[in-house]
Amino acid sequence: MAVIQRAENERHAMHGAVFTALASPSRGTRQTSLWRVEIQPGTPATPHQVTQEEILVVTGGRARVRIGADEATAAPGDCIVVPADTTFALNVDGPEPLSALVCFPVGGRARLPDGAEFTPPWAQ
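Residues numbered from 1 in each chain as written. Predicted model: local features only at pLDDT ≥ 70, side-chain atom pairs only at ≥ 80, totals over all residues. Heavy atoms only, no water.

Peer 1: Any details on the pairing of strand β2 (residues 17–23)? Residues and values, ideally.
Peer 2: Where burial is concerned, most of β2 is hidden: six out of the seven residues are buried. Summarising the sheet, strand β1 (residues 11–14) and β2 pair through four bridges and their orientation is antiparallel. The residue bridging Ala13 from the neighbouring strand is Val18, located in β2. Here β1 folds back onto β2, and the loop between the two strands holds two residues, one of which, His15, carries a positive phi near 55 degrees. (Buried < 20%, exposed > 50% of the residue type's maximum accessible area, 1.4 Å probe, protein only. Helix = DSSP H or I, 4+ residues; strand = E, 2+ residues; numbered from the N terminus. Pairing = 2+ DSSP bridges.)

Peer 1: I'd like a rundown of unusual backbone geometry, residues and numbers included.
Peer 2: One non-glycine residue, His15, adopts positive backbone phi at about 55 degrees. Mapped onto the fold, His15 is located in the loop between β1 and β2.

Peer 1: Could you give an account of the sheet that holds strand β6 (residues 63–67), with specific residues and numbers?
Peer 2: On the basis of which strands lie adjacent, the open sheet formed by three strands has the order β7-β6-β9 and antiparallel pairing. Two strands close off the open sheet at either side, each with one partner strand: β7 (70–74) and β9 (88–92). Averaged over all pairs of adjacent strands, the angle between their axes in this sheet comes to 20 degrees, without regard to strand direction. Where β6 and β9 come together, five bridges link them in antiparallel fashion. Opposite Arg66, over in β9, you have Ala89 as the bridge partner. (Axes fitted to C-alpha atoms, helices over the stretch in contact; angles between N-to-C directions.)

Peer 1: Account for empty space enclosed by the protein, naming residues and giving values.
Peer 2: Using the criterion set out here, one finds one cavity of 30 Å³ or more in the structure. The computed volume of the largest cavity comes to approximately 400 Å³. Lining of the largest cavity is provided by 25 residues; of these, Phe19, Val37, Thr46, His48 and Phe88 occupy positions nearest its centre. Counting only elements with at least two residues in the lining of the largest cavity, the list comes to β2, β3 (32–39), β5 (54–60), β9 and β10 (98–105). The class makeup of the residues in the lining of the largest cavity is 20 nonpolar, four polar and one charged. (1 Å grid on protein atoms, 1.4 Å probe; cavity = no way out; pocket = protein on both sides within 12 Å on 5 of 7 lines; lining within 4 Å. Points joined across faces, edges and corners; volume = space filled by probe spheres on them. Nonpolar A, V, L, I, M, F, W, Y, C, P; charged D, E, K, R; others polar.)

Peer 1: Lay out the packing of aromatic side chains with the relevant residues and their values.
Peer 2: The tally for this structure, following the rule as stated, stands at three aromatic pairs. Centre to centre, the rings of Phe19 and Trp122 are 3.8 Å apart; their planes meet at 0 degrees, and the pair counts as stacked. Placement of the pair is Phe19 in strand β2 and Trp122 in the segment after β12 (117–118), with a sequence separation of 103 residues. Taking relative accessible area as the criterion, Trp122 reaches 4% and is therefore assigned buried. Relative to Trp122, the ring of Trp35 has its centre 6.1 Å away and its plane inclined at 70 degrees; by these criteria the two rings are edge-to-face. Taken together, the residues span a long stretch of sequence, with Trp35 in strand β3 and Trp122 in the segment after β12 at a distance of 87 residues. Neither Trp35 nor Trp122 differs from the other in exposure class; each is buried. Ring pairs connect the aromatic residues Phe19, Trp35, Phe104 and Trp122, which therefore count as one cluster. (Phe/Tyr/Trp six-rings, centres within 6.5 Å; stacked < 30°, edge-to-face > 60°.)

Next comes the structure, spelled out in structure tokens:
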């Protein structure tokens, strides 16, 4: 179906963040998954890697971003590009929750520091 209704969006909680599935293969996409992530201030970052490039667009709050050895801040409207196989972490920078839209290719996987890989349920 070309229109995925908001009422059908599933929410998932993991590592202190809430992920809302917007578009994914189980909802009709073939090449791209899209979700919203929300992180409250004080939530510890979860360093991880992705097996394919991931793009985040900050929609609310501010983020402290670490990608490999580089650090930066991102505010609403800023785009964060995470290369494959590079350690990445987000922290909320300020008193407001961080929210972002995240675009990720179908088939991409997340990799935790212990080496465990998984397909995020909000991207399936």
